[in-house]
Amino acid sequence: MLGLDKKDATLLIVVAVLTLCAPFILNPFPTDSAMAQFNAGYPDLMQRFIIFGIFAIGYNILFGLTGYLSFGHAAFLGVGSYSAVWIFKLFSYNVLPAIGLSVVVAAIFSLFIGFVSLRRSGIYFSILTLAFAQMSFALAYSVLSNPKFNLTNGETGLQVYADDPQWFHRDSLPDLPHLFGLSMRSTYTLDVGAWSFDFNAGYYLCAVIMMVVFYLAIRIFRSPFGMMLRAVKSNQQRMNYTGLNTRPYTLAAFVISGMYAGLAGGLMAAMDPLAGAERMQWTASGEVVLMTILGGTGTLIGPILGAGFIKYFENIFSKINDTVLHEWFALLPDGIEDFMVFIVHPFIGKGWHLTLGLLFMLVVIFLPGGLVEGGQRLSRLLKRRGTKAKPEDSEHRPEEKPHVAE
Amino acid sequence: MGILEVKNVNKNFGGLKALSEVNLSVRENTVHAIIGPNGAGKSTLLNCLVGKLIPDTGSVMFDGQSVLGRSPYEINQMGISRVFQTPEIFGDLTVMENMLIPIFARRDGAFRMHAFESVANEREIIEQAEHVLEDMNMADKRGMHAASMSRGDKRRLEIGMCLSQEPRLLLLDEPTAGMARADTNNTIDLLKQIKQDRDITIAIIEHDMHVVFSLADRITVLAQGTPLVEDDPQNIKGNPKVREAYLGESA
Ligand SMILES: Nc1ncnc2c1ncn2[C@@H]1O[C@H](COP(=O)(O)OP(=O)(O)O)[C@@H](O)[C@H]1O
Ligand SMILES: [Mg+2]
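Residues numbered from 1 in each chain as written. Chains lettered and ligands numbered in written order. Predicted model: local features only at pLDDT ≥ 70, side-chain atom pairs only at ≥ 80, totals over all residues. Heavy atoms only, no water.

Asker: Even after reading the chapter, I still don't get the overall build of chain A, so can you show me in this structure?
Answerer: Across its full length, chain A carries 17 helices and six strands. Taking 2.2 N^0.38 as the reference for a compact globule, 406 residues should give roughly 22 Å; the C-alpha atoms of chain A span a radius of gyration of 23 Å, in line with that estimate. With respect to the three principal axes, the spread of C-alpha positions in chain A is 70 × 65 × 45 Å. For chain A, buried positions account for 52% of its 406 residues. Nonlocal contacts in chain A, meaning residues at least 24 apart in sequence, comprise 74% of its contacts between residues at least 6 apart. For chain A, the computed accessible surface area is about 19,000 Å², with 68% contributed by carbon and sulfur atoms. (Helix = DSSP H or I, 4+ residues; strand = E, 2+ residues; numbered from the N terminus. Rg over C-alpha atoms; globule rule 2.2 N^0.38 Å. Buried < 20%, exposed > 50% of the residue type's maximum accessible area, 1.4 Å probe, protein only. Contact = heavy atoms within 4.5 Å. Areas by Shrake-Rupley, 256 points an atom, 1.4 Å probe, with all protein chains shown as cover.)

Following this line, the structure appears as structure tokens:
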């Protein structure tokens, strides 16, 4: 199907079904139940799952395949957002040209930054990308925001004002980002008994775009080009002495991943028409590294899982507070209840970073292949239980390395 | 005129004269061995041929064209493939993928953005790779992780990768160094087979005299960065200068 083999086609279909049904899957608890706070099926958060999924899929093409660890990819995301908002300000709220431009501008940016940074490898490459990203952040935060020349609107962030030209805007169109008149905020809410599900236009636009770029990523992984990128990671010396010039290969991977980041930034602005410099900060670049590693570096589905995992934590765990904890432990005797709340307290609310950090450490130490490896081990374990394979045989079987196919 | 002509090459490392006034001529379709004691400058000479090092003075011509100032990948594209002293392969990739990459490099050149083609659809290249794997007796290992193989198999794979490019000149730097006897013999047999089956020129650096005398058509003895003699194998064995510089040392 579409030039994919059976395994990849299955993966694509599974991801498609899951994303399209996400409004159901992410809202498993009745709206009024105590568990409702674990529901993640509201438009804002679902959009973020997808957008950061796109960001991580692209990042993985660089980091997962070539092994070049960039600490600057948030810069391309930020550039994408700014470009999109400028289109909104100057032309119209239609999201297509905005998203298109954000990809193009991010491509140009990453071509330049990649060209310079890729003169070095290893830690020096990482530091160069970090330096570029921090420079971009500083430019956006202050330098490019002064009364004479205001490109980024500094601290406040770039947004659309009533006196902006918006040359192609007509009064019949929504006064918010839209796709040929369909507002990105328009949401249809389906109530089924105690449950409620939101179907949001913006989410579905993001989802469709993610399916397309995920498909493209699979094609890249399976192409001779993708194989060359993995060869770069494995042995550059051998590549050079095999008649291959590694520089254009790494640069191409860098620009492709930069374009994915730009697309993510453009979509972010399309869902909420503003762009701030904090999007470019190094912590944002670090986050996509965590997502990729947590999900499974160099695997197809890993980055999407990692992005979903981290965004879920950020939004759900951060909302649990002591009142909620007291409710949970209400059945325990008072003293023990207070003690439990005291123990759990640092890991929730603002402390969600602590929980995430611990989880990240556990994954890196015990599951170097990330969540994907976890899934593989689990399914192997279940299979072994199911078929009752000879135990001595399975012990001597060498550990399989996670393959890029999964 | 040989296919490879090295003229008056000098190379210094700081104050150390690694190569001084080296001349070497390798004739087409022969096996030319370069021998000499440790530190004689053999690897340095090889590195000057493939663009890893640039000689201070002198010229290196391959098939009438200078290789100096070109990068390793350009020199490979001219038709020179190199096997390293410790096998350099793509350890994270499968044996089959290791074999495909050099064939792609030969067909598509140093860079091609074939991002939306599928490796699985490249029937012709896959067949070529399978063919070479069979020649190397490695057909059963095609799905294996290259890094998990024995040293002898890695060496075999590396030689296969170089041969799959159908190079005009194959350079080998001590291909049997650190190998068990059985692996060494396998490698010799493989090289003999290659010499018999193909129109290929081979320049080989080797320590093991057994290997040298069973393969070489011509031998150059290098000592302290200068060629001592260049002659046919039977004359080298009896040459007193060689005995003194080389065989004496190893005895
Ligand atoms: N990159 C280098 N920098 C400094 N000295 C080197 C370098 N490479 C080789 N040498 C020196 O040059 C001499 C020749 O080395 P080499 O060509 O490796 O010898 P061989 O391969 O014949 O054993 C040795 O004395 C070695 O220490
Ligand atoms: Mg040497």
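Asker: It is not clear to me how the interface of chain A and chain B should be interpreted in this structure. Could you clarify?
Answerer: Reports of interface size often rely on the accessible area that becomes lost once the parts have come together. Taken residue by residue, the interface counts 28 residues in chain A and 38 residues in chain B. Roughly 3,000 Å² is buried in total at the junction of chain A and chain B, and carbon and sulfur atoms are behind 63% of that figure. On the chain A side of the interface with chain B, the three residues burying the most area are Met227(A), Arg238(A) and Tyr241(A), jointly 25% of the side's total. At the boundary of chain A with chain B, the tally comes to two salt bridges. For the salt bridge of Glu158(B) with Arg238(A), the shortest nitrogen-to-oxygen distance reads 2.6 Å. If you look at where chain A meets chain B, you find 21 residue pairs in polar contact (both at pLDDT 80 or more). Taken together, the elements giving at least two residues each to the side of chain A that touches chain B come down to helix H7 (201-222), helix H8 (224-234), helix H9 (236-240) and helix H10 (246-271) of chain A. Ranked by residues supplied to the side of chain A that touches chain B, first place goes to H8(A) with eight residues. (Buried area = accessible area lost by both parts, 1.4 Å probe. Salt bridge = Lys/Arg side-chain N within 4 Å of Asp/Glu carboxyl O. Polar contact = N/O pair within 3.5 Å; in protein donor to acceptor, adjacent residues only side chain to side chain.)

Asker: For this particular structure, what's the right way to read the site of ligand 1?
Answerer: Residues and elements named next belong to chain B. Lining the immediate surroundings of ligand 1 are Phe13, Leu16, Ala18, Asn38, Gly39, Ala40, Gly41, Lys42, Ser43 and Thr44. Serine 43 places a polar side-chain atom, nitrogen or oxygen, 2.8 Å from an oxygen atom of ligand 1. In this structure, threonine 44 approaches ligand 1 through a side-chain N or O atom, which is 2.5 Å from an oxygen atom. Contact with the protein chains covers 58% of the free accessible surface of ligand 1, which is 560 Å². Breaking the shell around ligand 1 down by element, the ones donating at least two residues are strand S2 (16-26) and helix H1 (42-49). (Near = heavy atom within 4 Å.)

Asker: Hey, could you run me through the pairing of strand S4 (residues 57-62) of chain B in this one?
Answerer: For a regular strand, side-chain orientation follows a simple rule: the groups alternate between the two sheet faces. Residues and elements named next belong to chain B. As paired elements, strand S1 (residues 4-13) and S4 share five bridges and run antiparallel to each other. Bridged to lysine 7 within S4 is serine 59. Bridge count between S4 and strand S5 (residues 65-66): two bridges; the pairing is antiparallel. Across the sheet, residue phenylalanine 62 finds its bridge partner in S5, namely glutamine 65. (Pairing = 2+ DSSP bridges.)

Asker: What is the right way to look at the side chain of Ser117(A) in this model?
Answerer: Residue position: Ser117(A) is located in helix H5 (residues 95-117). Setting aside chain neighbours within four positions, we find Ser117(A) in contact with Phe125(A), Leu128(A), Thr129(A) and Phe132(A).

Asker: Would you explain the sheet that holds strand S7 (residues 169-173) of chain B in this entry?
Answerer: Within a sheet, adjacent strands bond to each other through the backbone by hydrogen bonds, running parallel or antiparallel. Residues and elements named next belong to chain B. Taken together, six strands build an open sheet; the order of strands is S6-S7-S8-S3-S9-S10 and the sheet is mixed. Every interior strand has two partners, whereas the edge strands, strand S6 (80-83) and strand S10 (226-231), have only one. Across the sheet, the mean angle from the axis of one strand to that of its neighbour is 15°, orientation sign disregarded. Of the strand pairs in this sheet, S7 and strand S8 (residues 201-205) are connected by five bridges, and their pairing is parallel. Following the sheet pairing, leucine 172 is matched in S8 by isoleucine 204. Sitting on the sheet, helix H5 (residues 151-164) is in contact with S6 and S7, with an inclination near 175° to S6. (Axes fitted to C-alpha atoms, helices over the stretch in contact; angles between N-to-C directions.)

Asker: What should I look at first to understand the packing of aromatic side chains in this one?
Answerer: Aromatic ring pairs are described here by two measures, namely the spacing of the ring centres and the angle between the planes. Residues and elements named next belong to chain A. For the coordinates displayed, the defined rule picks out 19 aromatic pairs over all chains. With 5.5 Å between their ring centres and 25° between their planes, phenylalanine 137 and tyrosine 141 make a pair best called stacked. Taken as a pair, phenylalanine 137 and tyrosine 141 lie in helix H6 (residues 122-143) at a separation of four residues, close to a single helical turn. Overall, the relative accessible area of 14% leaves phenylalanine 137 in the buried class. (Phe/Tyr/Trp six-rings, centres within 6.5 Å; stacked < 30°, edge-to-face > 60°.)

Asker: Can you help me understand the pairing of strand S9 (residues 218-223) of chain B in this one?
Answerer: Residue and element names in this part refer to chain B. Most of S9 is tucked away: five of the six residues are buried. Where strand S3 (residues 31-35) and S9 come together, four bridges link them in parallel fashion. Across the sheet, isoleucine 34 pairs through a bridge with threonine 220, a residue of S9. One ladder, built from five bridges, connects S9 with S10; its direction is antiparallel. Along S10, the bridge assignment pairs isoleucine 219 with aspartate 231. Remark: two residues form the turn of the hairpin made by S9 and S10, two consecutive strands paired antiparallel; glutamine 224 in that turn has positive phi of roughly 50°.

Asker: I'm lost on the environment of Met340(A) in this one. Help?
Answerer: All names here are of chain A. Among the secondary structure elements, methionine 340 is positioned in helix H14 (residues 334-344). Residue classification places methionine 340 among the partly exposed residues on the basis of a relative accessible area of 28%. Distance in space between the C-alpha atoms of methionine 340 and leucine 290 is 30 Å, their sequence separation being 50 residues. Not counting chain neighbours up to four residues away, the residues in contact with methionine 340 comprise Phe329 and Leu332.

Asker: Before we go on, may I ask you to explain helix H4 (residues 73-90) of chain A in this structure?
Answerer: For the α-helix, the turn length of 3.6 residues means that residues three or four positions removed from each other point alike. The terminal C-alpha atoms of H4(A) lie 26 Å apart, and with 18 residues this matches the ideal 26 Å at 1.5 Å per residue to within 8%. Burial analysis of H4(A) places 16 of its 18 residues in the buried class, which makes it a mostly covered element. (Expected span 1.5 Å × (residues − 1).)

Asker: Explanation requested: the environment of Ser81(B) in the structure shown.
Answerer: Residue and element names in this part refer to chain B. As for its position among the elements, serine 81 is in strand S6. The spatial distance from the C-alpha of serine 81 to the C-alpha of proline 102 is 10.0 Å, given a sequence separation of 21 residues. Other than its neighbours up to four places away in sequence, serine 81 contacts Asn76, Arg106, Cys162, Gln165, Pro167, Leu169, Leu170 and Leu171. Within the local environment of serine 81, its side chain forms a polar contact with the side chain of glutamine 165, the two groups lying 2.9 Å apart.

Asker: I'm lost on a nonpolar patch on the surface in this one. Help?
Answerer: Residue and element names in this part refer to chain A. A contiguous nonpolar surface patch, about 600 Å² in accessible area, is contributed by Leu354, Leu358, Met361, Leu362, Ile365 and Phe366. For leucine 358, the location among the structural elements is in helix H15 (residues 352-366). Given a relative accessible area of 39%, leucine 358 falls into the partly exposed group. (Patch = residues over 30% accessible without salt bridge, like charges linked within 9 Å, V, L, I, M, F, W, Y side chains within 5 Å.)

Asker: Help me understand the state of the cysteines in this model?
Answerer: What is meant by a disulfide is a covalent connection between two cysteines, made through their sulfur atoms. Residues and elements named next belong to chain A. Within this structure, the stated rule accounts for zero disulfides over all chains. With no disulfide of its own, cysteine 21 has cysteine 206 as its nearest cysteine by sulfur position, at a separation of 17 Å. You can call cysteine 21 partly exposed: its relative accessible area is 30%. (Disulfide = S-S within 2.5 Å.)

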